[in-house]
Amino acid sequence: MARSIRLNTYSPEQTQSIGCFIGQRARPGDVYLLSGPLGAGKTCLTQGLARGLGVEGYVRSPTFVLMTRHHGRLTLHHIDLYRIGSPAEAWDLGLDEQLFGSGVSVIEWAERAEELLPEDALWIELSYGESGDEREIVLDTESTRYDELLAELDALSSRFPLSQE
């Protein structure tokens, strides 16, 4: 059964906070599939996730190198598929080694290789909100693996709504 929650953030710092919350709860083998238009906050969310994993230093988008690895509590495999031309190119990157290892995988522009990606993943779609820094974040999965995380995020957002107030 699909489970989905929707959150709104009103600054890059709030988007990073959501990522940090996810990173603090990440487990070996977690796969986070990010989608959304340019500038919607995919890398921003990943920076927070890295912080939650205890990664030190600045995490930037691997758009030109396609894949980077960062070490924290768990290894973060940060993959950006923006520049690939086909799902086969993604597979040639060694995607299977990252996805089925003991680290955490974050894939930006995941929709470009959707048919290669595991079903046991959490899709995170980021989109622009009504104002400049506002972002709508939709987390969606068919897997029970992320039920606890989604329940915690849902409870957090209802107790302490992320708003510009």
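Residues numbered from 1 in each chain as written. Predicted model: local features only at pLDDT ≥ 70, side-chain atom pairs only at ≥ 80, totals over all residues. Heavy atoms only, no water.

1. Observations concerning the packing of aromatic side chains
Formally: Note on aromatic pairs: the rings of Phe, Tyr and Trp (six-membered ring only in Trp) are paired at centre separations within 6.5 Å, and the planes decide the class, stacked below 30 degrees, edge-to-face beyond 60, tilted for the rest. Working definition: helices are DSSP H or I runs of at least four residues, strands are E runs of at least two. Numbering for both runs from the N terminus. The buried label applies to any residue whose accessible area, calculated with a 1.4 Å probe on protein chains only, is under 20% of its type's maximum; exposed applies above 50%, and partly exposed to all values in between. By definition, being over a ring means that NZ of Lys or CZ of Arg is both within 6 Å of the ring centre and within 35 degrees of the ring normal.
In this structure the tally under the stated criterion is two aromatic pairs. Look at Tyr82 and Trp109: their rings are 4.8 Å apart centre to centre, the planes differ by 50°, and that puts the pair in the tilted class. Of this pair, Tyr82 sits in the loop between strand E4 (75-80) and helix H3 (87-92) while Trp109 is found in the loop between strand E5 (104-108) and strand E6 (122-128), placing the two residues 27 residues apart along the sequence. Given a relative accessible area of 33%, Tyr82 falls into the partly exposed group. A cation over an aromatic ring shows up here: Arg25 above the ring of Phe21, its NZ or CZ 3.5 Å from the ring centre. The ring of Trp109 is capped by Lys42, whose NZ or CZ atom sits 4.2 Å from the centre of that ring.

2. Here's the deal with the nonpolar core
Formally: Residues grouped as a nonpolar core are buried Ala, Val, Leu, Ile, Met, Phe, Trp, Tyr and Cys residues, joined through side-chain atoms within 4.5 Å. Throughout, a contact is declared for two residues whenever any of their heavy atoms are within 4.5 Å.
The biggest cluster of nonpolar side chains holds 43 residues, and the ones touching the most others in it are Ile22, Tyr32, Ile107, Ile124, Leu139 and Leu153. Not counting chain neighbours up to four residues away, the residues in contact with Tyr32 comprise Ile22, Ala26, Leu49, Val104, Ser105, Val106, Ile107, Leu122, Ile124, Tyr146 and Leu149.

3. Some points on the environment of Arg83
Structurally, the position occupied by Arg83 is in the loop between E4 and H3. Its relative accessible area of 47% is what places Arg83 among the partly exposed residues. Separated by 17 residues in the primary sequence, Arg83 and Leu66 place their C-alpha atoms 7.7 Å from one another.

4. Describing the environment of Gly19
Along the chain, the position of Gly19 falls in helix H1 (residues 12-25). Judged by relative accessible area, Gly19 falls into the buried class, the value being 0%. For Gly19 and Lys42, which are 23 residues apart along the polypeptide, the C-alpha to C-alpha distance reads 9.7 Å. Once residues within four sequence positions are removed from consideration, Gly19 is found in contact with Leu45, Gly48 and Leu49.

5. Structural notes on the pattern of salt bridges
Using the following cut-off: By definition here, a salt bridge exists when the distance from a side-chain nitrogen of Lys or Arg to a carboxyl oxygen of Asp or Glu is within 4 Å.
Tallied over the full model, the rule gives three salt bridges. Here Arg145 and Asp30 are joined by a salt bridge, their closest N and O atoms 2.6 Å apart. In this pair, Arg145 is assigned in the loop between strand E7 (135-141) and helix H5 (147-159) and Asp30 in the loop between H1 and strand E2 (31-35), connecting sequence segments 115 residues apart. Its relative accessible area of 2% is what places Asp30 among the buried residues.

Any functional reading would require information that these geometric values do not contain.
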